[in-house]
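Report on the structure
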Amino acid sequence: EAGVTQFPSHSVIEKGQTVTLRCDPISGHDNLYWYRRVMGKEIKFLLHFVKESKQDESGMPNNRFLAERTGGTYSTLKVQPAELEDSGVYFCASSQPGRVGRSTGYEQYFGPGTRLTVT
Amino acid sequence: AQKVTQAQTEISVVEKEDVTLDCVYETRDTTYYLFWYKQPPSGELVFLIRRNSFDEQNEISGRYSWNFQKSTSSFNFTITASQVVDSAVYFCALSEALSGYSTLTFGKGTMLLVSP
């Protein structure tokens, strides 16, 4: 079974440019999460989809970040315009579906991450 | 609010030594889940273990063992007879059941370097 995949693996862009990251979750996993790790800091939650719906986007840093999950399959995370502080590794994770409104504690399977460098 | 603290930033050991990675957590929930993930040099996060707050039994899986103690809010991870392939960054994480969903709160990670 294929794991979580992310594209690209590495992106280098200039400040002010736009970048779109893609995540393909494990087939059948309704839950899709985006996380980010800025150098030397914790991995921080960005947002959570259940199927195509955003359930929690409390971790999104600002309105320069836009996440979508059309059709409840793959997800994209667009940064526009990118700033220097957006540099980091962006992880996507997916987990099995569970009861709405209750944490299942199901383990999240992570992708390899996309390393974003904004210069 | 929940918090996970991994006080050890980096640990260096020689092969075959035992090593313990510390994890201390804070949560107001009575029901929660604790996790350990491994991040090898290739970059992906590899799931190692999940523990729920009602199960304080220690767990052993090969050379890996975990010690969960609610009294001290700790979930420590021990590698016995370490090997070079164990070199990685290890993350401890917490998920609160009553927050509604399974979002993870991570510690800063501990980098383990095992030399031959």
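To be clear, the structure that these remarks concern was listed above.
An account of the accompanying structure is given in this report. No experiment lies behind these values; they were computed from the predicted model shown. (Residues numbered from 1 in each chain as written. Chains lettered and ligands numbered in written order. Predicted model: local features only at pLDDT ≥ 70, side-chain atom pairs only at ≥ 80, totals over all residues. Heavy atoms only, no water.)

With that settled, consider the overall build of chain A. What chain A contains, in helices and strands, is 0 helices and 11 strands. Helices and strands in chain A line up, N terminus first, as β-β-β-β-β-β-β-β-β-β-β. In terms of overall size, chain A behaves like a compact globule, its C-alpha atoms giving a radius of gyration of 14 Å where 119 residues would be expected to give roughly 14 Å. The buried share among the 119 residues of chain A stands at 45%. For chain A, restricting intrachain contacts to residue pairs at least 6 apart in sequence, the fraction spanning at least 24 positions comes to 54%. As presented, chain A carries roughly 5900 Å² of accessible surface, and 48% of it is formed by carbon and sulfur atoms. Charge-centre separation for chain A: the mean point of 14 positive side chains lies 3 Å from the mean point of 13 negative side chains. (Helix = DSSP H or I, 4+ residues; strand = E, 2+ residues; numbered from the N terminus. Rg over C-alpha atoms; globule rule 2.2 N^0.38 Å. Buried < 20%, exposed > 50% of the residue type's maximum accessible area, 1.4 Å probe, protein only. Contact = heavy atoms within 4.5 Å. Areas by Shrake-Rupley, 256 points an atom, 1.4 Å probe, with all protein chains shown as cover. Lys, Arg positive; Asp, Glu negative; His and termini not counted. Charge placed at Lys NZ, Arg CZ, Asp CG, Glu CD.)

For the rest of this paragraph, the subject is the pattern of salt bridges. Residues and elements named next belong to chain A. Scanning the model with the defined rule gives 9 salt bridges over all chains in all. The residue Arg36 makes a salt bridge to Asp86 at a minimum N-O spacing of 4.0 Å. You can see Arg36 sitting in strand S4 (residues 31-37) and its partner Asp86 sitting in the loop between strand S8 (75-79) and strand S9 (88-95), a full 50 residues away along the chain. By the burial criterion, Arg36 is buried, and Asp86 matches it. For Arg64, the salt bridge is made with Glu85, and the minimal N-O distance between the two is 4.0 Å. Placement of the pair is Arg64 in the loop between strand S6 (53-56) and strand S7 (65-68) and Glu85 in the loop between S8 and S9, with a sequence separation of 21 residues. The class of Glu85 is exposed, set by a relative accessible area of 53%. Salt bridges sharing partners connect three or more residues here, namely Arg36, Arg64, Glu85 and Asp86. (Salt bridge = Lys/Arg side-chain N within 4 Å of Asp/Glu carboxyl O.)

Another aspect to go through is the pairing of S7(A). Residue and element names in this part refer to chain A. Of the two faces of S7, the one holding Phe65 and Ala67 is buried and the one holding Leu66 and Glu68 is not buried anywhere. Sheet topology note: the S7/S8 ladder contains 4 bridges and is antiparallel. Within the sheet, the bridge partner assigned to Leu66 lies in S8 and is Lys78. Counted between consecutive antiparallel strands, the loop separating S7 from S8 contains 6 residues, among which Gly71 sits at a positive phi close to 75 degrees. (Pairing = 2+ DSSP bridges.)

Functional significance is not addressed by these values, which are geometric in nature.
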